[in-house]
Amino acid sequence: LLYFCLMIKMQIITHPKCECCEDIKRYIKDIQRDFPELSVEIIDTTSPLGQEMVKKYNILAAPGIIIQGKLEFSGETKEKDLRKKLKEIKSKTL
């Protein structure tokens, strides 16, 4: 039996001194324990890549949360909403 796990790629676009960004950085570790297939990249808006991502995805509020190449959340994001979206994405990839 061959089993492979499809990775779920998440990019979190953060901004310095953003409380919502700090919140997500704290709870993303708990989420990763429940979603081992989740690959997370934190990108600062002040970096060249961060600037590029802000323009590409038209991120108007931090944090911007991009999952599988699609902007899913922008601004304050509740942990339960993020978990719900990840479960939805995971169920589509099985």
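The structure under discussion appears in the preceding block.
A brief structural summary. (Residues numbered from 1 in each chain as written. Predicted model: local features only at pLDDT ≥ 70, side-chain atom pairs only at ≥ 80, totals over all residues. Heavy atoms only, no water.)

Our next topic: the environment of Arg26. For Arg26, the position within the fold is in helix H1 (residues 19-34). By relative accessible area, which is 55% here, Arg26 ends up exposed. Spatially, the C-alpha atom of Arg26 lies 19 Å from that of Glu72, the residues being 46 residues apart in sequence. (Helix = DSSP H or I, 4+ residues; strand = E, 2+ residues; numbered from the N terminus. Buried < 20%, exposed > 50% of the residue type's maximum accessible area, 1.4 Å probe, protein only.)

To continue, consider the sheet that holds strand S3 (residues 64-67). The strands making up a sheet associate through hydrogen bonds between their backbones, and the pairing can be parallel or antiparallel. Pairing in this open sheet of 4 strands is mixed, and the strands run S2-S1-S3-S4 from one edge to the other. The open sheet has two free edges, formed respectively by strand S2 (38-44) and strand S4 (70-74), since each of these has just one partner strand. Neighbouring strand axes in the sheet, compared pairwise and without regard to direction, differ in orientation by 25° on average. Pairing geometry for strand S1 (residues 8-14) and S2, over 7 bridges, is parallel. Paired with Gln11 across the bridge in S2 is Glu41. With respect to the sheet, H1 is in contact with S1, S2 and S3, its orientation differing from that of S2 by roughly 165°. (Pairing = 2+ DSSP bridges. Axes fitted to C-alpha atoms, helices over the stretch in contact; angles between N-to-C directions. Contact = heavy atoms within 4.5 Å.)

These values are about where atoms sit, not about what they do.
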